[in-house]
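# What the coordinates show
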Amino acid sequence: MLVFAVWALAPVYQFYSHRGITPMPPWGWLAIDGAVPEIQKAFDPHYEAAGNLALQRMADYRSEANLSSLSAAVAVGSELVWVGAVGFSDIASRTPATPETLYRIGSTSKALTATALARLVDRGEIDLDRPLSFYLANVANPAWSNVTARQLASHSAGIPHYGENKDFAGLYRSVALNHHYDDVRNALSVFDRSPLLFDSGTDFHYSSLGTVLLGAVMSDVSGISYRELMSREVFEPAGMVSTFPDGDDDPRENGLATLYYTDGRRFRPWRKVDLSHRLPGGGFISSPTDLVRLGKIYFDGGYLSEETKRHFWMPQLLADGTVNEQDYALGWRWREWNIEGAGLARNANHGGVSRGSQCWLLLYPDYLMSMAFCTNAKTEEFGTFGQFYEPFFKSFVSTGG
């Protein structure tokens, strides 16, 4: 009966989830009235003018996009140069957001996972093109045996995304969001009965579940849990002290912003959910200040070899020799834009959308600059974030240092 109910509701879930629509009761809504708090700090005086301009752009965008808060941080080389925030981390109590406020970062988690993968590749512990059967003692789904880490990291493995999951018991758990997974390998049970969408390597299909499988492979290779691996290879070297799994018990969660569903100019807190089933692909919590610390270590020559960085930021090819449709690299998207007033602005980036939150992390290697933005609501169109961060970036390259 449960399987039939999930099967019957799956098309409804897919229709609404793909459109970011969640039915809500008519009560419990909040509005932002009166003055909105703003805070900023330039750690380098050369960036004060840039910071003033950036903060004004943040305030304008927060209002236009109807966000409860918008928080940002900028690092150049190994130095944090500016942080700022506008709006409320909690509307009801009128608690101001700060650059240290914590947010769900959604799929920006994939860039964190890719960073740990790059370390394993750098040391020769993982060959991106060996089949998973070489690394996994037990392959939960036989169809995964010939899938490679490269295909998982570049979304060409054929693993379904949340909505296409045909493992109906797992689909139910991914809708209910109330089941906790202490180990990422156990989270494979959410989708291990779902068939591949196509022959691995032949097409592109974005899949957070594929990144969960990648996290399990990395855990098996390293001989420690995925959580331990991320701490050892990424968080500790980067000095990331405010990044942790959503759903785990952690006192730092007290700094998590209230996460909102929006309807016009109204806000409503999201229900409590557990995202541990998607941790490698979309389950971390962090702050903009912590995220740019990840960027800083990419510009430290001692952390990753130049060859590995270049490889992980290179858009990947499909089996027919064509670049995938999103110019997706290995856990990062790579973009080369000519921005008026800034010239060629190449960046490795990854955005994320989660329950009541959005995030974007961008690394500009030509400028040794890292930027991160987080909000505790969602824009109507995620792409408008791109319309915001381009002028934000220009603020720092045209008027900064």
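Residues numbered from 1 in each chain as written. Predicted model: local features only at pLDDT ≥ 70, side-chain atom pairs only at ≥ 80, totals over all residues. Heavy atoms only, no water.

Taken as a whole, this structure holds 12 salt bridges when the rule is applied. Between glutamate 233 and arginine 119 there is a salt bridge whose closest N-O contact spans 3.1 Å. One end of the pair, glutamate 233, is in helix 7 (residues 226–238); the other, arginine 119, is in helix 3 (residues 109–122), and 114 residues separate them in sequence. Assessed through its relative accessible area of 2%, glutamate 233 is described here as buried. For arginine 119, a relative accessible area of 17% gives the class buried. Between arginine 185 and aspartate 220 there is a salt bridge, with the nearest N and O atoms lying 2.9 Å from each other. You can see arginine 185 sitting in the loop between helix 5 (168–176) and helix 6 (208–222) and its partner aspartate 220 sitting in helix 6, a full 35 residues away along the chain. Overall, aspartate 220 belongs to the partly exposed group, its relative accessible area being 27%. What you see here is one network of salt bridges that share partners, running through Arg119, Arg123, Glu125, Arg232 and Glu233. (Salt bridge = Lys/Arg side-chain N within 4 Å of Asp/Glu carboxyl O. Helix = DSSP H or I, 4+ residues; strand = E, 2+ residues; numbered from the N terminus. Buried < 20%, exposed > 50% of the residue type's maximum accessible area, 1.4 Å probe, protein only.)

The subject of this paragraph is unusual backbone geometry. One non-glycine residue, asparagine 66, lies in the positive phi region at around 55°. Counting through the fold element by element, asparagine 66 comes out in the loop between helix 2 (48–65) and strand 3 (69–76). Phi at leucine 368 takes a positive value of approximately 50°, unusual for a residue other than glycine. Assignment of secondary structure puts leucine 368 in the loop between strand 13 (357–364) and strand 14 (369–375). Residue classification places leucine 368 among the partly exposed positions, given a relative accessible area of 41%.

Tracing the backbone through its elements, the reader meets serine 194 in the loop between helix 5 and helix 6. Under the relative-accessibility criterion, serine 194 is labelled buried at 1%. Only 2.8 Å separates the side chain of serine 194 from the backbone nitrogen of lysine 166, close enough to count as a polar contact. Apart from residues no more than four positions distant in its own chain, serine 194 is found in contact with Asn141, Pro160, Glu164, Asn165, Lys166 and Asp167. (Polar contact = N/O pair within 3.5 Å; in protein donor to acceptor, adjacent residues only side chain to side chain. Contact = heavy atoms within 4.5 Å.)

Axis separation between helix 7 and helix 9 (residues 288–298) bottoms out at 8 Å; the angle between their running directions is 100°. One finds that helix 7 runs roughly perpendicular with respect to helix 9. Of the residues in helix 9, those touching helix 7 at Val234, Pro237 and Ala238 are Arg293, Leu294 and Ile297. Broken down by class, the residue content of the contact of helix 7 with helix 9 amounts to 5 nonpolar, no polar and 1 charged. (Axes fitted to C-alpha atoms, helices over the stretch in contact; angles between N-to-C directions. Parallel < 35°, antiparallel > 145°, perpendicular 65-115°, else oblique. Nonpolar A, V, L, I, M, F, W, Y, C, P; charged D, E, K, R; others polar.)

In space, the 3 strands of this open sheet follow the order 6-10-7, with antiparallel pairing throughout. Every other strand in the sheet has two partners, leaving strand 6 (103–104) and strand 7 (244–245) as the edge strands with one partner each. Pairing analysis gives 2 bridges linking strand 7 to strand 10 (residues 284–286), with the strands arranged antiparallel. Bridge pairing links phenylalanine 244 to isoleucine 285 in strand 10. (Pairing = 2+ DSSP bridges.)

So, about the pairing of strand 9 (residues 266–269). As judged from the 2 bridges shared by strand 1 (residues 30–31) and strand 9, these two strands associate in the antiparallel manner. What sits directly across from leucine 30, in strand 9, is phenylalanine 267. Here 4 bridges tie strand 8 (residues 260–263) to strand 9, and the two strands are oriented antiparallel to one another. Directly across from tyrosine 261, in strand 9, lies its bridge partner arginine 268. Here strand 8 folds back onto strand 9 in antiparallel fashion, the turn holding 2 residues, of which glycine 264 has a positive phi close to 65°.

Within the open sheet, the 3 strands sit side by side as 1-9-8. Their pairing is antiparallel. In this open sheet, the two edge strands, each paired with only one partner strand, are strand 1 and strand 8.

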